[in-house]
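As a plain string of letters, each chain reads:
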Amino acid sequence: MPINYYLFLAIALFSIGVVGVLTRRNAIIIFMCIELMLNAVNLLLVAFSKMHYNQAAAAAIPIANPGIDGQLFVFFIMVVAAAEVSVGLAIIVMLYRNIHSVDINFLNRLKH
Amino acid sequence: MSISAILFWVLSVAALFSALMVVTSRNPIHSVIWLIITFFAISGHYILLNAQFLAVVNIIVYAGAIMVLFLFVIMLMNLNKESEPARHRWLQLAGGVSGGALLLVLVAALKDTELKSQQSLLLEGHTGLIKTLGQELFSTYVIPFELSSILFLSAMVGAVLIGKKD
């Protein structure tokens with residue numbers, strides 16, 4: 001597959017995530033849209049990793065495992081996302097206990 | 001059109017449609033289910049790119065652990081269609097327009113890149129296999145790997161501390 005197909009697919013997924021963050025008011029849905037954006041970037045990283053593999057194979061460059069850094073980076077992004085979700089959901093649960101809603105428009109107390 | 005090209009298009013359409021449904025559906029539970037379908041489609045893309053380890057990890061970690069955590073929190077709060085905050089029409093319009101503008105700018109900027117003729121290799125290569133990734137992870141990337149365990153520990157402590165009733 002040409003790399004720009006993956007590029008446009010990842011851009012579309014990322015933009016859908018951005019639209020979700022901007023339009024929804026439920027804090028949990030906003031969090032899920034952030035996960036969607038992370039996954040769009042992950043998909044693009046894997047596609048570029050395979051592109052570098054292809055380039056190195058075509059040019060017969062003697063490096064061990066060309067393009068493996070991209071896939072390991074995806075692995076670390078998943079690690080960070082898992083840690084982020086656990087802390088973020090704990091914060092949302094605490095907010096829900098305090099204001100009995102997940103509407104982010106009630107979270108403007110830092111303004112006053 | 002080869003079978004992998006057909007699979008690519010089917011998975012892309014499935015990913016985009018379910019991502020749209022995540023944003024548009026009113027019920028938070030339905031949003032979670034659609035997001036799980038999106039993750040399965042993205043895992044299908046990983047398998048197509050022969051990144052098998054990442055495909056399996058994506059299903060286990062994202063669809064298995066993270067989304068179950070989301071479902072658990074939503075059911076704990078008893079959120080449904082009625083408790084969903086009312087959406088402001090102008091806010092929705094502004095969000096849609098700005099997201100579409102972002103899409104337009106990125107596509108216009110990257111439409112004529114030099115990479116256009118490059119191919120992303122399908123169904124070949126041993127980069128994504130667990131043996132190669134594991135050897136690299138435990139030799140070159142061993143320090144970030146150990147640091148991520150500290151990150152997990154601190155995230156766990158933080159989540160327990162925040163979630164504790166004071």
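Residues numbered from 1 in each chain as written. Chains lettered and ligands numbered in written order. Predicted model: local features only at pLDDT ≥ 70, side-chain atom pairs only at ≥ 80, totals over all residues. Heavy atoms only, no water.

**What about the domain arrangement of chain B?**
- For chain B, the assigned domains read domain 1 (1-82) and domain 2 (129-166).
- Each of domain 1 of chain B and domain 2 of chain B was reduced to a C-alpha centroid, and the two centroids are 23 Å apart. (Domains from an automatic or database assignment.)

**Focus on unusual backbone geometry**
- Positive phi outside glycine occurs at A:His100, with the angle close to 55°.
- On the secondary structure map, A:His100 appears in the segment after helix H3 (68-99).
- At B:Asn50, a position not held by glycine, the phi torsion is positive, near 60°.
- Structurally, the position occupied by B:Asn50 is in the loop between helix H2 (28-48) and helix H3 (52-77). (Helix = DSSP H or I, 4+ residues; strand = E, 2+ residues; numbered from the N terminus.)

**Notes on the pattern of salt bridges**
- In this structure the tally under the stated criterion is 2 salt bridges over all chains.
- With a closest N to O distance of 2.8 Å, A:Asp103 and A:Arg25 form a salt bridge. With A:Asp103 in the segment after H3 and A:Arg25 in the loop between helix H1 (3-23) and helix H2 (27-59), this residue pair connects regions lying 78 residues apart in the sequence. Like A:Arg25, A:Asp103 is buried.
- Residues B:Asp112 and B:Lys111 are paired through a salt bridge, measuring 3.4 Å at the closest nitrogen-oxygen approach. (Salt bridge = Lys/Arg side-chain N within 4 Å of Asp/Glu carboxyl O. Buried < 20%, exposed > 50% of the residue type's maximum accessible area, 1.4 Å probe, protein only.)

**Overview of the confidence of the model for chain A**
- Residues with a pLDDT of 70 or more make up 97% of chain A, whose mean pLDDT is 87.
- Taking the mean pLDDT of every element in chain A, the minimum, 89, falls on H2(A) and the maximum, 92, on H1(A). (pLDDT = per-residue confidence, 0-100.)

**With respect to the interface of chain A and chain B**
- Counting residues at the interface gives 71 residues for chain A, matched by 84 residues for chain B.
- Of the roughly 7,200 Å² buried between chain A and chain B on both sides combined, carbon and sulfur atoms contribute 76%.
- Scanning the region where chain A abuts chain B turns up 7 residue pairs in polar contact (both at pLDDT 80 or more).
- Contributions of two or more residues to the side of chain A that touches chain B are made by H1, H2 and H3 of chain A.
- Per-element accounting of the side of chain A that touches chain B gives the leading share, 24 residues, to H3(A). (Contact = heavy atoms within 4.5 Å. Buried area = accessible area lost by both parts, 1.4 Å probe. Polar contact = N/O pair within 3.5 Å; in protein donor to acceptor, adjacent residues only side chain to side chain.)

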